[in-house]
Amino acid sequence: MSASAAKIAAPVESLVLDRNGARVSPIGSRAFLLEATGAFDLASQRRIWALSRAVELWSETLEIVPGMTNLLIVLKQTAEDPEALASRLLEAWEQAESIDLTGRRIEIAVTYGGDHATDLAALCDRSGLSDREVVRIHYEGTYRVFALGSAPGFGYLHGLDPRIYMPRKTVPSLNMARGCVTIGGMQTGVAVLTGPNGWNSIGFAELQMFDPMSSMPAVMAPGDTVRFVPASIEL
Amino acid sequence: MIEIIQTGPFNTVQDLGRPGFRNIGVTTSGAMDPLALKIGNSLLGNESGAAALEIQTYPFKLRFSKATAFAVTGADCGASIGGRTIQPCCALSVEAGQVLELGQPRVGTRAYICITGGIDVAPVMGSRSTSLRGAFGGREGRHLMTGDTLQLGEVSNPLNLPAAGLSVVDPTYALAEVYPAPQDGVLLVRAIPAGEHALFGADAERFWSQTWKISTQSDRTGYRLMGDPIKPTTPVEMRSHGVVSGVVQVPPSGEPIIQMADANTAGGYPKIAGVIEADLWRLGQARIGSRLRFVRVTHAQAAEVEKAVTGFVEDVRLTSRMVCGALQAMS
Amino acid sequence: MSKPDFSDPAIVERLTAALEAAGVDGIEITRPDQSLLIRLSGSANAAVRQLLARRTDAEGVLVVVKAPMAGVFWPTDLSRTSGPATSAASDMIGLLQVGPILLPVAAGPSQRLRRHLVETGTVVGFGDPIAEVEPEA
């Protein structure tokens, strides 16, 4: 019996490693996700940024996708030894020292309320705050771009005040406009495409976040600091 | 140059995709059946990832405005050139003015029209694939329309095809050893358990054992499956993370979604499994309304399938060149 | 001297023996009413493939289609389940398989298949006769 045939006959175990504040699991045959299991904070994200820099240099890496206190690594081909790769990822995490990306400062002018603020009322109901308070708390915050993803140029912004936390919808809005300023769980962001969207809209911004023909297609980058400036408040 | 004479919606220019930009939210796109794209290009002597037309709505007709060669691979849709039916999965020379016509597929869903030199639309971020969601790449970031004309690229060493053309043994037949045949019409799709598999408790076993149906709400972005809902034992609020095509996510409805070529680059739904890379092309050819079952495999098994597929494509590339060379030498 | 009848197995056998003795691989004889092709394979108990074509009527001449290269002969694409008869071109004689590649063999303009001369799945060499075709009715 060949080695490969013996492997097929063996019981199939799931490959999830969990140790020292991080967890590695596969997505299909070529991708692995490392999730920091600790706090959802800037300290964890700084280590993810450091880990990204290390893993990017591995010869088997096709691409890396930093997420919110997690990192997806996509390999050029199916991992020959997935257990070894998962262990290596955990070791790299343990060695990943915090780095701080010195990003740009981005100011985004927002029209709060109005026709696009389809979920402001629901947010007020949940938080027990008035619409003015919700809006004020949102624009007084300072946010860091933790990662980009979901749609071209979309930045996941960290730093939301827990008072205006609002979980993602179970049934997404079918046609949310590009430019909607949204809250999804403990994150905020600006929709970059018109279409289905599970986040909660409280306002609208005109900023163009992505240009595919540019040498730097995305306006935001991980590490950038973002502030929302109320251009008008329509309540 | 070619001219589109008739097309349904959602037919696009695709190559092997746009990897490397998931970290700024750009989906990879690319052919839903990359194997068919590679085979078609190999038959013509093109680079295996040259851009082609992905046809998923029919009928489709185009006119060649200059003499060249083309291949139609993927779905068997009774293609004809100048009114003459051609073999499935076949490459042929054409004269200027000839019309290629594709009808409703008898087997599979997506056909690929590869042409010598490839479709020469401007590459965007390293790829000619159409990103319908991002509205860039391919033909002005949109699907093909009647009256569109497309330029063709150059290839340094095209194959000199025999008059009757060249075709390829059906990959499902040639690779029968690594691709199990459907059971009672149910496609077997191999997958590896993913991060939240254990969260589904007893429902996880039902995920593997039951037969799922591909719903009408399925497209290049993802396939929604219909069946007995599966639910995590405790609700989870995940932090957004990168995903790849093939990931099987379970939204609150309990009916899984398989992300496909135009997959979202990030997700937050719990993931129960990930389809292995080498089985994605079979999903790309699966019909809406058809049934599938997931088969749990290991990375080692996935690597074996991947190796066989890579070997097959290489064999097609080398043998087609060898056959064309031999025929020329003997004529 | 009367013309030999090439359809006579005894004549074919005698010719074959003569070719073998002379170390010749094969012979092709063509005349207006008949043609004969004999090819010998390299093995000791030389297998003989013969082909006889006869003038069928005043106009229609049977033509022999030969293998354009070595390969395995299939009358249809057996790798497909989707009814190759309807999808194949009308003047297709069959396919030569070389690894993963199928080389279609066509009858030629205004010709149609009369009969195959080799069994399905046979390995044929360059120039081996594989079918008889006749003008389309």
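Everything quoted here is computed from the prediction, not taken from an experiment.

Asks: What's the story with the confidence of the model for chain C in this structure? I'm lost.
Replies: Regions with low pLDDT carry predicted coordinates that are not meant to be interpreted in detail. Residues and elements named next belong to chain C. The predicted model of chain C has a mean per-residue pLDDT of 72, with 61% of residues at 70 or higher. Within the model, pLDDT remains below 50 along residues 83-88, and this stretch shows 11 contacts once partners closer than five positions in the same chain are excluded. With pTM at 0.86, the complex prediction returns an ipTM value of 0.85.

Asks: I keep staring at the interface of chain B and chain C and nothing clicks. Help me out?
Replies: Frequently, the measure chosen for interface size is the accessible area removed from exposure when the parts meet. Residue-level contacts link 29 residues of chain B with 24 residues of chain C. For the pair chain B and chain C, the summed buried surface comes to about 2200 Å²; carbon and sulfur atoms form 64% of the total. Ranking the residues of chain B by area buried against chain C places Q87, V169 and M330 of chain B at the top, with a combined share of 23%. Our enumeration of links across chain B and chain C arrives at 2 residue pairs in polar contact (both at pLDDT 80 or more). Residue assignment for the side of chain B that touches chain C shows that the elements contributing at least two residues are strand 7 (84-85), strand 12 (166-168) and helix 5 (299-330) of chain B. If one sorts the elements of the side of chain B that touches chain C by residue count, helix 5 of chain B sits on top with 10 residues. Residue composition of the side of chain B that touches chain C, by class: 18 nonpolar, 6 polar and 5 charged. Pairing of strand 12 of chain B with strand 7 (residues 101-106) of chain C involves 2 bridges; the strand directions are antiparallel.

Asks: Quick question: what am I supposed to make of the interface of chain B and chain A here?
Replies: Chain B puts 49 residues into the contact, and the matching count from chain A is 56 residues. Both faces combined, the contact of chain B with chain A buries some 4000 Å², and carbon together with sulfur accounts for 58% of it. Put simply, chain B and chain A have 4 salt bridges between them. We note a salt bridge from E63 of chain A to R22 of chain B, for which the minimum N-O separation is 2.4 Å. For the side of chain B that touches chain A, the secondary structure elements donating two or more residues are strand 13 (186-193), strand 16 (241-242), strand 20 (271-275) and helix 5 of chain B.

Asks: Is there a simple way to explain the packing of aromatic side chains in this structure?
Replies: Geometrically, a pair of aromatic rings is defined through the distance of the ring centres and the angle of the planes. Taken as a whole, this structure holds 13 aromatic pairs over all chains when the rule is applied. Ring geometry for Y112 of chain A against Y139 of chain A: centres 6.0 Å apart, planes inclined by 45 degrees, an arrangement best described as tilted. You can see Y112 of chain A sitting in strand 6 (residues 105-113) and its partner Y139 of chain A sitting in helix 5 (residues 131-140), a full 27 residues away along the chain. A relative accessible area of 0% places Y112 of chain A in the buried class. Judged by centre distance (5.5 Å) and plane angle (65 degrees), the ring pair of Y143 of chain A and F228 of chain A falls under edge-to-face. On the criterion of sequence distance, the pair formed by Y143 of chain A in strand 7 (residues 142-148) and F228 of chain A in strand 14 (residues 225-234) is long-range, its members being 85 residues apart. F228 of chain A sits in the buried class, given a relative accessible area of 2%. Taken together, F207, W208, W212 and F294 of chain B form an aromatic cluster joined through their ring pairs. In this arrangement the basic side chain of R47 of chain A is found over the ring face of W93 of chain A, its NZ or CZ atom lying 4.0 Å from the centre. For the cation-ring pair, R88 of chain A lies above W58 of chain A, with the distance from its terminal atom to the ring centre recorded as 4.0 Å.

Asks: Honestly, the layout of surface pockets in this entry has me stumped. Any pointers?
Replies: Here the idea is plain: a probe the size of a water molecule rolls over the atoms and shows the empty space left. Of the volumes computed, that of the largest pocket is approximately 1500 Å³. Among the elements of the structure, strand 12 (195-197) of chain A together with strand 15 (222-226), strand 18 (257-259) and strand 19 (266-267) of chain B are those that each provide at least two residues to the lining of the largest pocket. Of the residues in the lining of the largest pocket, the class split is 18 nonpolar, 20 polar and 6 charged. Taken as a whole, the second largest pocket spans an internal volume of roughly 1100 Å³. Along the wall of the second largest pocket there are 45 residues; nearest its centre are R30 and K76 of chain A together with P34, K38 and E277 of chain B. Those elements that provide at least two residues to the lining of the second largest pocket are strand 4 (61-66) and strand 5 (70-75) of chain A together with helix 1 (34-44), helix 4 (280-284) and helix 5 of chain B. When residues in the lining of the second largest pocket are grouped by element, the largest group, 8 residues, is from helix 5 of chain B.

Reading the values: rules and limits
Residues numbered from 1 in each chain as written. Chains lettered and ligands numbered in written order. Predicted model: local features only at pLDDT ≥ 70, side-chain atom pairs only at ≥ 80, totals over all residues. Heavy atoms only, no water. pLDDT = per-residue confidence, 0-100. Contact = heavy atoms within 4.5 Å. Buried area = accessible area lost by both parts, 1.4 Å probe. Polar contact = N/O pair within 3.5 Å; in protein donor to acceptor, adjacent residues only side chain to side chain. Helix = DSSP H or I, 4+ residues; strand = E, 2+ residues; numbered from the N terminus. Nonpolar A, V, L, I, M, F, W, Y, C, P; charged D, E, K, R; others polar. Pairing = 2+ DSSP bridges. Salt bridge = Lys/Arg side-chain N within 4 Å of Asp/Glu carboxyl O. Phe/Tyr/Trp six-rings, centres within 6.5 Å; stacked < 30°, edge-to-face > 60°. Buried < 20%, exposed > 50% of the residue type's maximum accessible area, 1.4 Å probe, protein only. Lys NZ or Arg CZ within 6 Å of the ring centre and 35° of its normal. 1 Å grid on protein atoms, 1.4 Å probe; cavity = no way out; pocket = protein on both sides within 12 Å on 5 of 7 lines; lining within 4 Å. Points joined across faces, edges and corners; volume = space filled by probe spheres on them.

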